[in-house]
Amino acid sequence: MPRARTLRHKDFKADAPAVALALIGATLLVDGVGGVIVETEAYDQHDPASHCHPGPTQRNRVMFGPPGHAYVYRSYGLHWCLNFVCREAGHGAGVLIRALQPTHGIELMRERRGLDNERLLCSGPGRLTQALGITQAHYGLPLDAPPFRLLAAPADTPVEVISGPRIGISKAIDLPWRFGLAGSRFVSRRF
DNA sequence: AAGTAGATGTTCT
DNA sequence: GAACATCTACTTA
């Protein structure tokens, strides 16, 4: 099996829904721990549900910088959520990573999550950051350098992607900007 | 299976 | 103060 291609800056120079769709099937590792991305959501500046909708602020500033970097924020005071910055500088846009199928470092993820059930290790944006050890310390870091590793899905195995409305928001609820790997049991909720 | 409450910190009005 | 890109534990059926 050939070594997978590392995703680079260029892979994030597209609008958020296109990047969110393309990321399904890629492998995300943080210090060697992680798995296959099976669920994402797109957010961009024209979208009232997005953190970058109001323009640059202290929290969202990384989304107005170069693509291919991590935007990390705290959700409901308790959880960290991981986004990938996309599109060109000057416009805010990002892709929320919502679920992984665990493949690497499963024992460590079990310890961090305090759970045995593999299906529940990374099936939600707050769950996967806990399993991978992501915190504010990762804010703004490039995705093509340690501790991150981001590998493209093998080109010879096509992935079937489904989409639907995003979860947990109250604005722009009809945009079908949630993407998932068809049939995966590791998504946070059924489509 | 489905619904609800409560935990908690940051951002915004 | 209110809202919030969430999760868990607990209830009710």
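A few points on the structure. None of these values were measured; they are calculated from a predicted model. (Residues numbered from 1 in each chain as written. Chains lettered and ligands numbered in written order. Predicted model: local features only at pLDDT ≥ 70, side-chain atom pairs only at ≥ 80, totals over all residues. Heavy atoms only, no water.)

Looking at the state of the cysteines
For the structure shown, the criterion picks out zero disulfides. Considering cysteine sulfurs only, cysteine 122 is the nearest to cysteine 81, which forms no disulfide, with 13 Å between them. Cysteine 81 gets classed as buried once you look at its relative accessible area, which sits at 3%. Cysteine 122 gets classed as buried once you look at its relative accessible area, which sits at 1%. (Disulfide = S-S within 2.5 Å. Buried < 20%, exposed > 50% of the residue type's maximum accessible area, 1.4 Å probe, protein only.)

Remarks on helix 1 (residues 16–23)
Taken as a whole, helix 1 has its buried residues at Ala16, Pro17, Val19, Ala20 and Leu23. For helix 1, the angular spread of the buried residues around the axis is 165°, confining them to a single face. At its buried positions, helix 1 is contacted by strand 2 (33–44), strand 4 (79–85), strand 5 (93–104) and strand 8 (178–181). Within two residues after helix 1, glycine 25 carries a phi angle of roughly 100°, on the positive side. (Helix = DSSP H or I, 4+ residues; strand = E, 2+ residues; numbered from the N terminus. Arc of directions from axis to C-beta. Contact = heavy atoms within 4.5 Å.)

Focus on the protein's contact with DNA strand B
Every residue near DNA strand B is listed here: Thr57, Arg59, Arg74, Tyr76, Gly77 and Leu78. Taking all atoms of DNA strand B within 4 Å of the protein, the share assigned to sugar and phosphate is 52%. The backbone of glycine 77 places a nitrogen or oxygen atom 3.3 Å from a sugar or linking oxygen of DNA strand B. Residue composition of the surface near DNA strand B, by class: two nonpolar, two polar and two charged. (Near = heavy atom within 4 Å. Polar contact = N/O pair within 3.5 Å; in protein donor to acceptor, adjacent residues only side chain to side chain. Nonpolar A, V, L, I, M, F, W, Y, C, P; charged D, E, K, R; others polar.)

Overview of the nonpolar core
If you look at the biggest cluster of nonpolar residues, it comprises 43 residues, and the most contacted ones within it are Phe12, Leu28, Ile37, Phe84, Ile97 and Leu132. Leaving out residues up to four positions away in the same chain, leucine 28 has contacts with Val33, Gly34, Gly35, Ile37, Leu82, Phe84, Ile97, Leu100, Leu132, Phe148, Arg149 and Leu150. By size, the runner-up hydrophobic cluster in this structure holds twelve residues, among which are Val62, Tyr71, Cys81 and Val85. (Core = buried A, V, L, I, M, F, W, Y, C linked by side-chain atoms within 4.5 Å.)

Considerations on the protein's contact with DNA strand C
Around DNA strand C lies a shell of 19 residues, among which Tyr73, His79, Asn83, Gly126 and Arg127 are the nearest. Within the side chain of asparagine 83, a nitrogen or oxygen atom sits 2.6 Å from a base nitrogen of DNA strand C. Residue serine 170 places a side-chain N or O atom 3.0 Å away from a phosphate oxygen belonging to DNA strand C. At the level of elements, strand 3 (70–75), strand 4, strand 5 and helix 3 (125–132) are the ones that each hand at least two residues to the surface near DNA strand C. With three residues, the top contributor of residues to the surface near DNA strand C is helix 3. Its residues placed into classes, the surface near DNA strand C shows seven nonpolar, nine polar and three charged.

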